[in-house]
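Each chain is listed here by its residues.
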Number of protein chains: 4
Amino acid sequence: MNSKNLELCKGLIKSSYVDLATQATNQFNKLLEILLIQRRLPDEGWDDLSIETFLHQVALMDSNNFIENIGVGEREGRVYSGLVEKRHFSLSHGIGRSGDINEQQPKAAGSSLLQKLLKYLVSDAMRLSGLETTTFSSLLVLPLATGMTIALTLLTLSKKKPQARYVIFPRIDQKSCLKSICTANLIPVVVDGRLDGDSIKTDLEAIRLKITEIGADNILGILSTTSCFAPRVPDSVVELSQLCKEFQLCHVINNAYGLQCTKISHLINQACRLGRVDAFVQSTDKNFQVPVGGAIVASPNSDVIDQISKNYPGRASGSPQLDLVITLLSMGKKGWVNLLESRKQLLPYFIESLSKLALKHNQRVLITKDNKISVGLTLASAPLVDATVNSSSATKITMIGSQLYSRQCSGSRVVEINNQKKNISSIDFLNYGSHIDHYPFSYLTVACAIGIQKEEIDLFIERLDKLFLENNKKSTD
Amino acid sequence: MNSKNLELCKGLIKSSYVDLATQATNQFNKLLEILLIQRRLPDEGWDDLSIETFLHQVALMDSNNFIENIGVGEREGRVYSGLVEKRHFSLSHGIGRSGDINEQQPKAAGSSLLQKLLKYLVSDAMRLSGLETTTFSSLLVLPLATGMTIALTLLTLSKKKPQARYVIFPRIDQKSCLKSICTANLIPVVVDGRLDGDSIKTDLEAIRLKITEIGADNILGILSTTSCFAPRVPDSVVELSQLCKEFQLCHVINNAYGLQCTKISHLINQACRLGRVDAFVQSTDKNFQVPVGGAIVASPNSDVIDQISKNYPGRASGSPQLDLVITLLSMGKKGWVNLLESRKQLLPYFIESLSKLALKHNQRVLITKDNKISVGLTLASAPLVDATVNSSSATKITMIGSQLYSRQCSGSRVVEINNQKKNISSIDFLNYGSHIDHYPFSYLTVACAIGIQKEEIDLFIERLDKLFLENNKKSTD
Amino acid sequence: MNSKNLELCKGLIKSSYVDLATQATNQFNKLLEILLIQRRLPDEGWDDLSIETFLHQVALMDSNNFIENIGVGEREGRVYSGLVEKRHFSLSHGIGRSGDINEQQPKAAGSSLLQKLLKYLVSDAMRLSGLETTTFSSLLVLPLATGMTIALTLLTLSKKKPQARYVIFPRIDQKSCLKSICTANLIPVVVDGRLDGDSIKTDLEAIRLKITEIGADNILGILSTTSCFAPRVPDSVVELSQLCKEFQLCHVINNAYGLQCTKISHLINQACRLGRVDAFVQSTDKNFQVPVGGAIVASPNSDVIDQISKNYPGRASGSPQLDLVITLLSMGKKGWVNLLESRKQLLPYFIESLSKLALKHNQRVLITKDNKISVGLTLASAPLVDATVNSSSATKITMIGSQLYSRQCSGSRVVEINNQKKNISSIDFLNYGSHIDHYPFSYLTVACAIGIQKEEIDLFIERLDKLFLENNKKSTD
Amino acid sequence: MNSKNLELCKGLIKSSYVDLATQATNQFNKLLEILLIQRRLPDEGWDDLSIETFLHQVALMDSNNFIENIGVGEREGRVYSGLVEKRHFSLSHGIGRSGDINEQQPKAAGSSLLQKLLKYLVSDAMRLSGLETTTFSSLLVLPLATGMTIALTLLTLSKKKPQARYVIFPRIDQKSCLKSICTANLIPVVVDGRLDGDSIKTDLEAIRLKITEIGADNILGILSTTSCFAPRVPDSVVELSQLCKEFQLCHVINNAYGLQCTKISHLINQACRLGRVDAFVQSTDKNFQVPVGGAIVASPNSDVIDQISKNYPGRASGSPQLDLVITLLSMGKKGWVNLLESRKQLLPYFIESLSKLALKHNQRVLITKDNKISVGLTLASAPLVDATVNSSSATKITMIGSQLYSRQCSGSRVVEINNQKKNISSIDFLNYGSHIDHYPFSYLTVACAIGIQKEEIDLFIERLDKLFLENNKKSTD
C-alpha cells in the first residue's frame, strides 16, 4: 500500500497500528529497493508472500492489466483461462520484440523489468559459482533448452564465416549436442577421446590433426563439453581455447550443468583468459532446479551475445525466465551458496558409500578425479545380473538400469560395452553411450547433482545393494 | 510498487515505459484509495489480480508477515503448511480480541483493516438490497452460520431480562432456528401458522393469546422468520414488531436468505420503523454465494450489536469474512445489483415453466404471492410416483426428492402430508416439514435463489418432466 | 486416473511408460488407502501435490461440484468468486446439519468425509502428545476458537443442572476464558492463586471453602486452566477433578495450548482417571500452527461430546477443519513428533540464554518448574527502562513491551505490578495480568511455544539485550 | 478416488452418500475417458476443478512426483521453489528427448501424455476453424513463437536443398518474419505488393519474374503471409502455391493469427489442394489467448513435420503447451466456436462504427474486403492532429498512436507515409510499416481480433473521437 493509502487506513483502524504496518510495508519496499539498486541475489532468500507481492506489482505494469485498458490489436495479452492467467501471475506478453529478443516491450514494462533484473541475478549466481566477471561480459537467458541454444549460437557465429561448414566435436555421447550442430546445417566432425587410466579425456593431438586435415578455413569451430557423466571427464577447454585462438576458430562450450561445479568454472575462466571462447551455454533446469526450458548463453565478448540476441526472430515465452526469477529470489545468496557447498561435500560421501558397496559385490569405483559431478561403478556381469532373464548377458547388464528405475531410482545410467554400432545423425558410433570406441568395462554411472540429499544417496545405495543381492540369488538358485 | 521504486526501475528499463507503468500503478492505488475513502462497493467489480494485490498488501501489515519478525509468544500467527498459508493469503490472526470480537488486533493491522472495511461493504450491499440505513445502525459479520448467530443474539438479549425463559416461535420447520433457542438455554413456544388460500401465514391472534397466557415478563421475545420455502410465506414481521413493542418483548428476525429479496427488506424497514426489532440475522453463503460459515447480525439499535460483539468470548476465524471481502470486491455494485435483478426476473419465468409442466401432469402450482423466492407444485400421488417401488404411496412421494437428487437436481424439497409425528428438540410436530399441522396437499417446493441461471431452470423442468413420465410409465406398465 | 483411463492412455503413449505411471498412481492410491484404513497420521507427511490431489478427489464428491448438477434450492454451494472457490478447494458446504454439527451432509459427502477423517487424525495427534485413549473417548473439532468453545461447552453442561448459576474460576488473567462463563449466562467466581516460591499455584483450600460457601447445588462446576504464562503454573487439575467428583461438579479444563506439552497431557490423564473431567478444550492454532479459528473439545465421557455436538444449532464453517486436515497430512507423525521434541529441547536452552542475559543486567529468571512452556524474567525498573521517557517508572516498565514489539519481537508480555484495579466482566481485579493480587516483581514473560526456532531465541535475546543497553545508556546520559 | 478407496469411505461416511459420490466421481472419470477415446475438444468446456484434478492425476505419472522416487542423475525434475512447482502443476520435465522434440519421455509419462493429447485437441480446433484434415496431415506444437518456428522450418527444409540460399518474401512489414529467414542463414528477396483500390495485394507477376531472374535452383522457396494488418490483404496463397509447384519451390505460410478467420483457412485448404504448401505456422497466443510463447506448425505432408520434429535438438519447455491444454479444455468446442463466431460478427459492427466516426471527422474507412480481421481509417493530417505539438505534421500523425496508447487503447497502429527509408536486416525499405513503397494515405489500422468485446469497440471509438476533437480544438485555438 502506498503511503497515502496507509494514511487513509487511519480512518479505519488505530493510528498506531497503521504506523507499525507502515514500518512493515516499508521493510518490503526496502527489500525491493535494495534489489533494484544492488541488482544481485538478496542475501537471504525472499519468502513466497514477498515474491508474490512483488510479481503482482510487476504485473500491474503490463498494459493488459491496466485497469482501463481496451485492446484493438491482434496481440493484446488477452488470456482466456483464469488458471492460465494465474499461473503466469498475469504476465502474458512473453519477452523480446521482433527486432531483438533482448529488447524491452513498450506494452509490457513489467515483463521487461523482470527480464532485465533476471540478467543481473543470474550474473550474480554465476559469479558465486566461480566465474569471473570478465569471463561473461554479457549473457542472455533464453527460453530454449541447451541444445537449441547451442544451435542458435552456432547459426549466429556462422554468419561471420559462412563458407565454413564443419564443427569439431570432441566425442560425447549425448544426442542433442551433436544434433545442435546439424540443426544449424553444419557438419559435425566427431573426434574420439583417449583413455587415461579409467578417465576418458580430450584427444588434443587428434583434434589438431583433424583441423589441419580439413583446413581451418572450412571449420567454423569447436564445440566442447565440460559437464559430463563419468568416466568421461570435462574437455580440456583451456587447451582447446588455445587451439581455437591459434587457428581462428570459434569455440562454443556446452557447460550444461557445469555451474554447479566451481572447478569447471575455473576451467572456463582460464580458457577465456588464455584462449578463445565465443560462448558457453548452461541449462537453467540442471543448475537452478527449475522446470526444463531455459538456458543461459554467456560470453567474454559482449558482441557475440548481442548478435545472438538480434538474431532471434520475434518474441518468445517468458515462462522459463519467470521460473528463474522466482527461484533466485527464493534462494537468495545464502540458499545458492549452500546448495553449491552441500553438493560439493556430498560427492566424497557418495563415492565412499559406493566404494563400500563395490567391495561387497566384487566391483570397483572408477577413478575419474577430474569429474567432480559423477562417478562410475564397474559392472562385471555375473553375479550382479539376473541370470534367469532370458537374454544375452550383455542385455542383462542394461536391465540393471530399468530394474533400478522400476525401483524408483531415476537418473542412474548403465553403459554396457557390447561393441555394437549405432547411427546418430548419419554418423556411425561404436559403443554409443560410452563416449569412446573401446571402454574396458561395462559400468553404471551416477551423479551427485545439485539438490541431491544425503538421504537419497543412502536410499540409492540400499536399493542397489538389494537389487544386486536379488539378482545374485536368482543366478545362483 | 511505490514511487521511489518505480523511479529506480528507470535504471533498468526505459523511462517512458516506466512512466506509463507508473500511471497504471496509480490507477490501482486510486482504486484502493476510492475504496478506503468511499467505503462502499466499487462501481465495477475488481479483477482477481487487483484483489490479490490488495490482499498481499494487507497481509504485509500483519506482524507474522513482518520480514524481520520473531515470535516468543504462544500465538504468533505461525502457519505450518504452505498450502494453508497461501489459502489465507498469509493472514492468520483471525479476528477480534478477548475483550470484543469487533476489536482491532495490534498484531494484525491488516486483518483488522479487512474486518472493518467489510462492515462498510456489507452495509452498502444491504442498502442496495433495499434496507434503509436507519434499519441497521450497526452490524456485525460473524464467522458463525445463522443458527449459532441467532443463539448468540438470544444469549446476549437474555442478559437484560434473565428471568424470561420463553421465546415465541411462529412455526417454521427448519431445525436450526428452533434449536438456536434451545442452545441459548431458552424454551421455544411454537405457534402454528394459519392457512390463507395456499399460503401459510403468521397466526397473529394465536401469538397474542400465547403471550398473555405465558405472561410477557416470562417471555424473552419473538423469533420470526422472513425467508422460507413456499407455501409458507414470510412472517408478518411488521405486526409482530408492533406486538413486541406493545409487550416490551425482544424481536429477532431470522432473515437467513432474505437479502436477496427487496420485498423482504421493505418489510424489515417497516418493522423497524413501526415496532420493535432488536436484531435481524442473515446468512452470508445464502445471500452472497460464499462457502457456509458466516452470518450478519444487524440492528436498528447499535447498542444491541455492541453487546453481542462484547459478549463473544475471544477471537474467531477470519476466513468467512475474507471470503466475503473477496466476493464483494469482485462483484462490485454492478455485479450485486445484476444478481438481485436477475433473480427477480427469473422468478415469474420459473413459475410459468412450472405451471406448464403442472398442467401437463394434472398438477398445479401453489399460489403463494407473498413468497418471492420459492414456489410449490402439488404432488397428487399417482401417476407421478413410481408404483413399482415397494412402499406405501406416501413414502413413494418422498422418493421423488431422492430421485431428483440422484438425477443431479439438488435443492428441491418434497413434502408429503402423512400425518406423522416427529419430535424435535423435545417438541412434538405433526407433519414436520410442512410448517403447519394439516396442509391439504403433498408438494414439491423449489427456490429461485440468487445465482440461479435460466439454463438451470430449463434443465430442472426437463428432468422433472422426464421423471414424472418415467414414473408414470412404470405405474401403468 | 482410474485403471480404465490409464489403460486408455496406452492408445496415446508407450505402454511401458503407462505401466510405470500406473504403479506410481497406485502408490498414491495406496497412500490414501492406508489413510482410510488406519485412520491415523501418515508416518511421513504428504507432499503438497498428494494433498491437493486428495482434496480435489474429495471435492468431486460434493454435489455442487457434480458436473451435471443444477440447483433449485436456497443453499446449493454456489460460489461467486473463483478466488474463493479455489481457496476452499471447491468445498463450500461447511460442516454439520441443522440437527447436529457432527452429522454428515447428504449433499456433501466429500466435506463429511474430511470432517470424519479429521477426528481420527486429531485423535492420533493427541495420543502422540501423551493423552491416553480413555482420556478422550470422544472429541469434536469446532470452527470456534477456545473461548467460544468453552462457552458452548458450559451452555451444554448447564442443561443438566439449570439452577446452578456459578462457575468456580481459579484466577487466570486471560479475558476470554472469564468471558466464556459470562457468555453462557453463568456467573464466574474468581479464586485467587497462591504464591509458592516464584510460582503462582491453585489455592485448593480457598476453592473448597468457596464451594461450601456458595453451595455445590448452586455451582455448575469449575473451569480450570493448564496452559498459562509463567510465573503462573498449570492448575492442580488432578486435585480439582477430585474436588469436582466429591461435590458432583462439572469440570472443564481450558487446555488452550497444552497439547504441545506432554507433562500437561499426563496431568489431564490423571485427572480423568482419579477425578471428574467433563471436557477439556484446546486451540487448533496454538497447537497445530493453523490460522486462528478452531478448537478441539474432548472428553473421557463421549455423552458430553455428543450433547455439545447436538447442541450446536445448524451448520458451520468447514474452513478451520480444512486447515487442520491439510496441516496434519503435511506434518505426518514424524513432523508432529519432531515439533513436540524440538520444543521440549529448546526450553532449557531458552532459559539458559535468558539467565545469562539476566545476570548481565542484574535481573533473574523466575523459577517456575511446573510451567514447561514459558518463563519469566524480573524487571527491576532501573536501569532497564528508558528514563528519558516522560512517564511514571511503572509505565516505563510496560513500555519495554512496546519497545520490543516495535523491534519486531512479538509475543513477549510485560507485567508490571502497579497495584491498580481493573474491572473485567463486572469483576474487580488487582494487578490484572499478573494472575494474583500481589506478585512481588514486575516481569517479562516469554513462551517457548511449538514452532519456535533456535534462531528466534538467539535473535530475541540479542534484541532484548540491545534494548536494555540502550535504555540504560539513555538513563545514565 | 478409485473404487476401492471410495468403498473404504463407507467405513467413514454413510454408504448411500458414498454411492452418490461414486456416481459423481464416475462422471469425472467418464469425462476423462471420453477425452482419451475421442481425442477432441470436449463439447462443453471443463470447469477449473476438473482441469486441475486431471492435471494432478497427470502429474502423478511423472517420475519426479513418484512418492518414493530418489534421483541420482543430473536432471531429475527437482524444483526448488514451491511457487514454481505449483505453477507448473508439478510437471517439470518439459517435452521431447534429445532425439526428437516429439518423442515421449520415459521419466515423464504424464508430460508426454499431455503433449500427445494436445496435438489432438489442436487438430480439432483447427478443423473447427475451417481447415480440412488433408490440409494438415500432421502438426507440431512448439514452445517457440511464430518467428523462431518459421526459422526452424526453413532450416529443416533447407537440408533437402542446401545450395538454395534465397527465399522469396512478398513484402509485409513485420520484422520477425523477415528476420526468421536471416536467422536460418538464408537471404530474403523482398517483392513489393501492388495496389488494387485501397488494398495491397500480392504482385504475382513480379514474383514470377524474380524467380526466373534468380533461378529456381537457387531459391529455397516462398514465405507468404495470410494474416496481416489492413490495408494489406492476405497473400494470394493459392496462386503462390501453384507457382511453388511449378518451380519446385518450398512454400511456407506465415498464418500467425489466421486460425481465427475461416476465410483464411479456406484459402489454405485450396492452396494445399491445388499447389504446394510445405508448412504453415500459427501463433498460439494470437489465436487461442494464451501467453506468448508457442506456435503450431502444420503441413499437408507429414514427412515435413517429422523432419522438423527430428531436427529440434534436445528438450524444450512444456509451459506453452500446458497453457494450451488448459485453455482448450476450458473452452471446449462450444467456447471455441463461440469465439470464432463472435469475432466474425463484430467485424461489420466495428467497420460501421468506424465509418460513422470517419464521416464526422472528414475521413473514410479504407475498403479492403479481403482482409477479414482488420480495417484502416485514413488520417488526413489536419485537423486530427494536435497542431500545438512542436514537430513536423508527419510526426504529428504518428503521435496519434502514442496518444491513444496513453489513453489506454493498445493495439492500434498508425502508419504515416513520410517517404523515409529504413534499413531492416540489411535491406532498405521505403515507408516501412506500410507494406508497399508508396501508399497514398497515412492511416490508422485496428484489428477485430479474437476475444474482442463489443464494449471494447465502443470504448475505442469513444476515446478516438474524443482525441480527434481535442486535437482539433488545440489546432483551432
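Residues numbered from 1 in each chain as written. Chains lettered and ligands numbered in written order. Predicted model: local features only at pLDDT ≥ 70, side-chain atom pairs only at ≥ 80, totals over all residues. Heavy atoms only, no water.

Labelled according to an unreviewed UniProt entry, chain A appears under the name O-phosphoseryl-tRNA(Sec) selenium transferase, originating from Tieghemostelium lacteum. Comment text from UniProt for chain A, heading Pathway (unreviewed entry), reads "Aminoacyl-tRNA biosynthesis; selenocysteinyl-tRNA(Sec) biosynthesis; selenocysteinyl-tRNA(Sec) from L-seryl-tRNA(Sec) (archaeal/eukaryal route): step 2/2." Regarding chain A, the UniProt comment filed under Cofactor (unreviewed entry) reads as follows: "pyridoxal 5'-phosphate". (UniProt positions renumbered as here; feature names shortened; annotations may be inferred.)

Draft legend 1. Quick look at the pairing of strand β14 (residues 421-424) of chain D. Residues and elements named next belong to chain D. Pairing between β14 and strand β15 (residues 427-430): four bridges, direction antiparallel. Residue pairing for β15: Lys421 is matched across the bridge by Leu430. Hairpin connection of β14 to β15: two residues between the antiparallel strands, including Ser425 at a positive phi of 45 degrees. (Pairing = 2+ DSSP bridges. Helix = DSSP H or I, 4+ residues; strand = E, 2+ residues; numbered from the N terminus.)

Draft legend 2. Empty space enclosed by the protein, seen in detail. Space inside the largest cavity adds up to approximately 410 Å³. Forming the boundary of the largest cavity are 20 residues, of which Glu52 and Lys86 of chain A, Lys86 of chain B, Lys86 of chain C together with Lys86 of chain D lie nearest the centre. When contributions to the lining of the largest cavity are tallied by element, the ones reaching two or more residues are α4 (82-87) of chain A, α4 (82-87) of chain B, α4 (82-87) of chain C together with α4 (82-87) of chain D. Residue composition of the lining of the largest cavity, by class: eight nonpolar, no polar and 12 charged. (1 Å grid on protein atoms, 1.4 Å probe; cavity = no way out; pocket = protein on both sides within 12 Å on 5 of 7 lines; lining within 4 Å. Points joined across faces, edges and corners; volume = space filled by probe spheres on them. Nonpolar A, V, L, I, M, F, W, Y, C, P; charged D, E, K, R; others polar.)

Draft legend 3. Local environment of the UniProt feature "modified residue: N6-(pyridoxal phosphate)lysine" (unreviewed entry) in chain A. What UniProt calls "modified residue: N6-(pyridoxal phosphate)lysine" (unreviewed entry) maps, in this numbering, to Lys286 of chain A. The contacts of Lys286 of chain A, once residues within four sequence positions are left out, are Ala256, Tyr257, Gln260 and Ile450 of chain A together with Glu74 and Arg75 of chain D. (Contact = heavy atoms within 4.5 Å.)

Draft legend 4. Quick peek at the relation of the copies chain B and chain C. Rotating chain B by 180 degrees and moving it 0.0 Å along the rotation axis overlays it on chain C with an RMSD of 0.0 Å. Such a combination of turn and shift is consistent with a two-fold rotation axis. Taking the C-alpha atom as reference, chain B places Arg87 of chain B closest to the rotation axis, 2.4 Å from it. A shared interface surface links the copies, since 100% of the contact residues of chain B are contact residues in chain C too. (Least-squares fit on C-alpha atoms with pLDDT ≥ 70 in both.)

Draft legend 5. Structural detail: the pattern of salt bridges. Using the criterion set out here, one finds 132 salt bridges over all chains in the structure. Among the ionic contacts, a cluster of salt bridges with common partners joins Arg171, Asp173, Asp192 and Asp437 of chain A. (Salt bridge = Lys/Arg side-chain N within 4 Å of Asp/Glu carboxyl O.)

Draft legend 6. Spotlight on the packing of aromatic side chains. Residues and elements named next belong to chain A. All told, the structure shown has 28 aromatic pairs over all chains when counted by the stated rule. With centroids separated by 5.4 Å and ring planes inclined at 70 degrees, the aromatic side chains of Tyr439 and Tyr443 adopt a geometry described as edge-to-face. Note on accessibility: Tyr439 and Tyr443 belong to one class, buried. One aromatic cluster in this structure is built from Phe28, Trp46 and Phe54. (Phe/Tyr/Trp six-rings, centres within 6.5 Å; stacked < 30°, edge-to-face > 60°. Buried < 20%, exposed > 50% of the residue type's maximum accessible area, 1.4 Å probe, protein only.)

Draft legend 7. View of the interface of chain B and chain C. Contact with chain B, which involves 96 residues of that partner, is made by 96 residues of chain C. Both faces considered, chain B and chain C share a buried interface measuring about 7900 Å² in area, 57% of it formed by carbon and sulfur atoms. If you look at where chain B meets chain C, you find 10 salt bridges. One salt bridge connects Arg78 of chain C with Glu456 of chain B, and the closest N-O pair in it is separated by 3.1 Å. At the surface where chain B touches chain C, the tally comes to 54 residue pairs in polar contact (both at pLDDT 80 or more). Top contributing element to the side of chain B that touches chain C by residue count: helix α13 (residues 319-360) of chain B, with 11 residues. Broken down by class, the residue content of the side of chain B that touches chain C amounts to 43 nonpolar, 32 polar and 21 charged. As paired strands, strand β12 (residues 409-410) of chain B and strand β1 (residues 70-71) of chain C are joined by two bridges and run parallel to one another. If you follow Cys409 of chain B over to β1 of chain C, its bridge partner there is Ile70 of chain C. (Buried area = accessible area lost by both parts, 1.4 Å probe. Polar contact = N/O pair within 3.5 Å; in protein donor to acceptor, adjacent residues only side chain to side chain.)

Draft legend 8. Focus on the relation of the copies chain A and chain D. Note on the identical chains: chain A maps onto chain D by a rotation of 180 degrees and an axial translation of 0.0 Å, with an RMSD of 0.0 Å. The share of interface residues of chain A whose copies in chain D are also at the interface is 100%, consistent with both copies meeting through the same surface.

Draft legend 9. Expanded view of the sheet that holds strand β9 (residues 279-283) of chain B. Residues and elements named next belong to chain B. Across the sheet, which stays open at both edges, the seven strands sit in the order β2-β10-β9-β8-β7-β3-β4 with mixed pairing between neighbours. Only two strands of the sheet have a single partner each, and these edge strands are β2 (138-142) and β4 (187-191). Sheet twist, expressed as the average angle between the axes of neighbouring strands with direction ignored, equals 20 degrees. Both strand β7 (residues 219-225) and strand β8 (residues 250-254) contribute to a ladder of five bridges, which runs parallel. Across the sheet, residue Thr225 finds its bridge partner in β8, namely Asn254. Across the sheet, helix α12 (residues 302-311) touches β2, β9 and β10 (295-299), and the angle it forms with β2 is around 30 degrees. (Axes fitted to C-alpha atoms, helices over the stretch in contact; angles between N-to-C directions.)

Draft legend 10. Geometry of the side chain of Gln282 of chain D. Residues and elements named next belong to chain D. Locating Gln282 in the fold gives a position in strand β9 (residues 279-283). On the accessibility criterion, Gln282 (0% relative accessible area) is buried. Side-chain polar atoms of Gln282 contact the side chain of Asn255, separated by 2.7 Å. One polar contact links the side chain of Gln282 to the main-chain carbonyl oxygen of Phe280, over a distance of 3.0 Å. With residues up to four places along the chain from it excluded, the contact list for Gln282 reads Met126, Asn255, Ala256, Leu259, Asn287, Gly294, Ala295, Ile296 and Ala298.

Draft legend 11. Up close: helix α12 (residues 302-311) of chain D. Listed as buried for α12 of chain D are Val304, Ile305, Ile308, Ser309 and Asn311 of chain D. Burial along α12 of chain D is one-sided: seen end-on, the buried residues are contained in an arc of 165 degrees. Along its buried surface, α12 of chain D packs onto α7 (175-183) of chain A together with β2 (138-142), α6 (146-158), β9 and β10 (295-299) of chain D. The N-cap residue of α12 of chain D is Asn301 of chain D: its side-chain oxygen and the backbone nitrogen of Asp303 of chain D are 3.0 Å apart. (Arc of directions from axis to C-beta.)

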